[in-house]
Amino acid sequence: MNEIKQFFTRHFIVAPISFGSWLYFIMGAGLNIVAATALLIAIYLGGTFSVKQLQHSSNIKKLGMSRSEYNHIKGQIAEARMKIKKLNSLYGQVRSVQAFKQLYEMNNLSRKILNIVRTNPRKFYQVEQFFYAHLDSAVELTSKYAMLVNQPLKDKDLRIALQNTRETLGDVNRQLEQDLRGALASDIERLQMEIDFVDVSINKKKPILEMKGDPNHDRK
């Protein structure tokens, strides 16, 4: 949401300046329309790029990160998005209800974790293993399962391998749930602190309200 807002903000800033310059080049400087339009495009592109860089620097400063640190996290997010896309492509290749359900849960959990980190890049450090290991395991195991389940052989060894893979995917699913809890841990803690603060404030006011509503207190 913030990226969309910043997109419109920079174009809202640059557009009037660019078109105002275009009118000046034609009416004030006497340039022909082709040259003026070329300058308009150059000013517009250069202006939006410059404002975008300023917004980018401001975002990094608010997060308390270095530029290289921020760019690394952005790169990890982009890679994770591609891995989740690969998971999505495997729906048509798994053939059991259990495997389909596991794949759906892994996709759902992965998207939620990714959206949390994309909204707040500092959350990356609470779920590093999701990006470095757990999502890779989900993609690799599901891909191998999809490959095995579509083989014409149906012997005992293959059935055992498929069963073991499904069980391991269950473990991966539980690990992704832990990753999601890790991503939400600080938010839950902050929310609980706010609830405790409100409870304390309300409890402090209760004796005063009770005294005001007590007729014996009024007679005194």
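Procedures and definitions
- All residue numbers refer to position in the chain's written sequence, counted from 1.
- Where local features are concerned, this predicted model is filtered to residues with pLDDT of at least 70; where side-chain atom pairs are given and counted, the filter is 80 or more; whole-chain, interface and lining totals use all residues.
- For the side-chain quantities, the full set of heavy atoms in the structure was used; hydrogens and water were omitted.
- Secondary structure counts use DSSP, requiring at least four H or I residues in a row for a helix and at least two E residues in a row for a strand, with both numbered from the N terminus.
- Here's how the labels work: a residue is buried when its accessible area is under 20% of the maximum for its type, exposed when over 50%, partly exposed in between, all with a 1.4 Å probe on protein chains only.
- Contacts were defined at the residue level, with two residues in contact if any of their heavy atoms lie within 4.5 Å.
- Surface accessibility in these figures is a Shrake-Rupley result with a 1.4 Å probe; residues are shielded only by whichever protein chains are displayed.
- One less than the number of residues in a helix, times 1.5 Å, gives the span that helix is expected to have.
- In this description, one arc is meant: the one made by directions from the helix axis to the C-beta atoms.
- All axes are obtained by fitting lines to C-alpha atoms, using only the stretch in contact for helices, and the reported angles, taken between N-to-C directions, cover 0 to 180 degrees.
- Just so you know how the angles are binned, under 35 degrees is roughly parallel, over 145 roughly antiparallel, 65 to 115 roughly perpendicular, and the rest oblique.
- A clockwise turn of the near helix away from the far one marks a right-handed crossing, whereas an anticlockwise turn of less than a right angle marks a left-handed crossing.
- In the scheme used here, Gly and all other residues not listed as nonpolar or charged are polar, with Ala, Val, Leu, Ile, Met, Phe, Trp, Tyr, Cys and Pro taken as nonpolar and Asp, Glu, Lys and Arg as charged.
- Two rings from Phe, Tyr or Trp (for Trp, the six-membered ring) form a pair when their centres sit within 6.5 Å of each other. Planes less than 30 degrees apart are called stacked, planes more than 60 degrees apart edge-to-face, and all others tilted.

Can you explain the overall build of the protein chain? Please cite residues and give values.
Counting its secondary structure elements, the protein chain contains seven helices and zero strands. Listing each helix as α and each strand as β along the protein chain from the N terminus yields α-α-α-α-α-α-α. Counting only residues that meet the buried cut, the protein chain has 30% of its 220 residues in that class. For the protein chain, long-range pairs separated by at least 24 residues make up 68% of all intrachain contacts whose partners lie at least 6 apart in sequence. In the structure as shown, the protein chain presents an accessible area of about 14,600 Å², 62% of it carried by carbon and sulfur atoms.

Could you give an account of helix H3 (residues 67-88), with specific residues and numbers?
End to end, H3 covers 32 Å across 22 residues, agreeing with the expected 32 Å (1.5 Å per residue, within 8%). Within the span of H3, buried status applies to Tyr-70, Ile-73, Gln-76, Ile-77, Ala-80, Lys-83, Ile-84 and Leu-87. For H3, the angular spread of buried residues about the axis comes to 140°, placing them on one side. Away from its buried face by more than 90 degrees, H3 exposes Ser-68, Met-82 and Lys-85.

A description of the packing of H3 against helix H5 (residues 128-149) should follow, citing residues and the corresponding values.
At their nearest, the axes of H3 and H5 sit 10 Å apart, and the two run at 15° to each other. The angle between the axes of H3 and H5 places the two elements in the roughly parallel class. Helix-helix and strand crossings are classified by hand; for H3 and H5 the assignment is left-handed. Contacts between H3 and H5 involve His-72, Gln-76, Ile-77, Ala-80, Lys-83, Ile-84, Lys-86 and Leu-87 from the first element and Phe-131, Tyr-132, Leu-135, Asp-136, Ala-138, Val-139, Thr-142 and Ser-143 from the second. Taken together, the residues of the contact of H3 with H5 sort by class into nine nonpolar, four polar and three charged.

Break down the packing of helix H4 (residues 97-119) against H5 for me, citing the residues and quoting the values.
Axis separation between H4 and H5 bottoms out at 12 Å; the angle between their running directions is 155°. Put simply, H4 runs roughly antiparallel to H5. The handedness of the crossing between H4 and H5 is left-handed. From H4, Ala-99, Leu-103, Met-106, Ser-110, Ile-113, Leu-114 and Val-117 reach across to H5, where they touch Phe-130, Phe-131, Leu-135, Ala-138, Thr-142 and Tyr-145. The class makeup of the residues in the contact of H4 with H5 is eleven nonpolar, two polar and no charged.

Can you break down the packing of aromatic side chains residue by residue, with the values?
One pass over the full model with this rule turns up five aromatic pairs. Centroid distance Phe-124 to Phe-131: 5.1 Å. Interplanar angle 45°. Geometry classified as tilted. A single burial state applies to Phe-124 and to Phe-131, both of which are buried. Ring centres of Phe-124 and Tyr-132 lie 5.9 Å apart, and the angle between their planes is 85°; this geometry places the pair in the edge-to-face category. Overall, Phe-124 belongs to the buried group, its relative accessible area being 1%. Taking the relative accessible area as the measure of exposure, Tyr-132 reaches 38% and is therefore partly exposed.

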